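Below are the chains, spelled out letter by letter.
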Amino acid sequence: MTIKYLLDNKFKISLYKKGDVVYECGAMPRAVYFIKSGRVKMVTVNDDGKEFIQGIFKSNELFGEPALLLHKPYLAHTIATQDSEIIAVNAEEFTGMLKENPDFSMNLIHILSNRLFYKSMMLEELANEQADHRVVTLLKHLLADLNSGEELKLTRQQIADMSGLRIETVIRIIKKLSVLKEFKLIRGKIVKI
């Protein structure tokens, strides 16, 4: 509904190529971003250059709203992981949408609550030193939104970056878990059972 509303009201679509940065860590927010098509990852990078993926956003999702609502700098980079069409909605227009549309406001509260739950869950998992447990918890969370037979559209590297583990560790754990029937592997892709 939101993308349709934005298009009907002549909001401009910006094109981002794979690898393009939408906004940088430390920048002051100018807009909330709605994805018409494509995917964007939100990442932080440590001093050694290792990425930690804070979230991955896809079509019909939005990102950048916490910093905008709080008038605080962005805490992460956002990068298109595939060619994407994105609609930027400035602060005044976004605030107007919240005030004028209670359904949109309730939906945003639901989205923010899910993200807070996910961040809390991952914080607890990162404190847990058991790599297997981290990957199991993350995969259960990611697979929960998929239908049976649907493929998880994340690479092993992205799963490693989301769990704070090395890719080799994630590959080993995923192979072990597939034998336990948590999911199935089809041509290397994770598919929900």
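Scope of this entry: the structure provided in the associated data block.

Rules of the game
Residues numbered from 1 in each chain as written. Predicted model: local features only at pLDDT ≥ 70, side-chain atom pairs only at ≥ 80, totals over all residues. Heavy atoms only, no water. Helix = DSSP H or I, 4+ residues; strand = E, 2+ residues; numbered from the N terminus. Rg over C-alpha atoms; globule rule 2.2 N^0.38 Å. Buried < 20%, exposed > 50% of the residue type's maximum accessible area, 1.4 Å probe, protein only. Areas by Shrake-Rupley, 256 points an atom, 1.4 Å probe, with all protein chains shown as cover. 1 Å grid on protein atoms, 1.4 Å probe; cavity = no way out; pocket = protein on both sides within 12 Å on 5 of 7 lines; lining within 4 Å. Points joined across faces, edges and corners; volume = space filled by probe spheres on them. Nonpolar A, V, L, I, M, F, W, Y, C, P; charged D, E, K, R; others polar. Pairing = 2+ DSSP bridges. Phe/Tyr/Trp six-rings, centres within 6.5 Å; stacked < 30°, edge-to-face > 60°. Polar contact = N/O pair within 3.5 Å; in protein donor to acceptor, adjacent residues only side chain to side chain. Contact = heavy atoms within 4.5 Å. Salt bridge = Lys/Arg side-chain N within 4 Å of Asp/Glu carboxyl O. Axes fitted to C-alpha atoms, helices over the stretch in contact; angles between N-to-C directions. Parallel < 35°, antiparallel > 145°, perpendicular 65-115°, else oblique. Left-handed = near helix turned anticlockwise from the far one by under 90°.

1. Digging into the overall build of the protein
A tally of regular secondary structure across the protein gives seven helices and ten strands. Over its C-alpha trace the protein gives a radius of gyration of 18 Å, about what one expects of a compact globule, namely 16 Å for 193 residues. C-alpha atoms of the protein, sized along the principal axes, occupy 50 × 40 × 30 Å. In the protein, which comprises 193 residues, the share counted as buried stands at 40%. Carbon together with sulfur atoms contributes 55% to the accessible area of the protein, which is approximately 11400 Å² in total.

2. Quick look at the layout of surface pockets
Summary: where empty space remains is shown by rolling a probe the size of a single water molecule over the atoms. Taken as a whole, the largest pocket encloses approximately 1500 Å³ of empty space. As for the largest pocket, its lining consists of 48 residues, and the residues nearest its centre are G55, I56, F57, E61 and R115. Secondary-structure elements contributing two or more residues to the lining of the largest pocket are α1 (2–8), β4 (39–45), β5 (51–58), α2 (65–70), α4 (102–127) and α5 (131–144). Residue contributions to the lining of the largest pocket peak at twelve residues, all from α4. Residues that form the lining of the largest pocket fall into these classes: 26 nonpolar, eleven polar and eleven charged.

3. Considerations on the pairing of strand β7 (residues 77–80)
In this sheet, β7 lies alongside strand β2 (residues 21–23) in antiparallel orientation, the contact comprising two bridges. From the neighbouring strand, V21 faces β7, where its bridge partner is I79.

4. Re the packing of aromatic side chains
Scanning the entire structure with this criterion turns up eight aromatic pairs. Aromatic side chains F57 and F63 sit 5.6 Å apart centroid to centroid with 20° between the ring planes, which places their arrangement in the stacked category. Both residues of the pair, F57 and F63, count as buried. Arranged with centres 5.8 Å apart and planes meeting at 85°, the rings of F94 and F104 form a pair that is edge-to-face. Here the residue F94 occupies a position in helix α3 (residues 91–100), and F104 occupies one in helix α4, the gap between them amounting to ten residues. We note that F94, like F104, is buried. Here a set of aromatic residues connected by ring pairs shows up, and it is made of Y23, Y33, F57, F63 and Y74.

5. A word on the side chain of R156
Along the chain, R156 falls in helix α6 (residues 156–163). One polar contact links the side chain of R156 to the main-chain carbonyl oxygen of G188, over a distance of 2.8 Å. In this structure, R156 is in contact with I167, V170, I171, I174, L185, G188 and I190, ignoring residues within four places of it in sequence.

6. Describing the pattern of salt bridges
Within this structure, the stated rule accounts for nine salt bridges. Here E85 ties to K36 by a salt bridge, and the two come within 3.4 Å at their closest N and O atoms. In this pair, E85 is assigned in strand β8 (residues 84–90) and K36 in strand β3 (residues 31–37), connecting sequence segments 49 residues apart. A residue is classified by how much of its surface remains accessible, and K36, at 30% relative accessible area, is partly exposed. The partner of R166 in a salt bridge is E168, with the nearest N and O atoms 3.4 Å apart. What makes R166 exposed here is its relative accessible area of 58%.

7. Considering the packing of α5 against α6
Two elements in contact, α5 and α6, have axes separated by 10 Å at closest approach and are oriented at 110°. Classified by the angle between their axes, α5 and α6 sit roughly perpendicular to one another. Between α5 and α6 lies a crossing whose hand is right-handed. Listed contacts from α6 to R134, L138, L139 and L142 of α5 are I159, M162 and S163. Here the contact of α5 with α6 is composed, by residue class, of five nonpolar, one polar and one charged.

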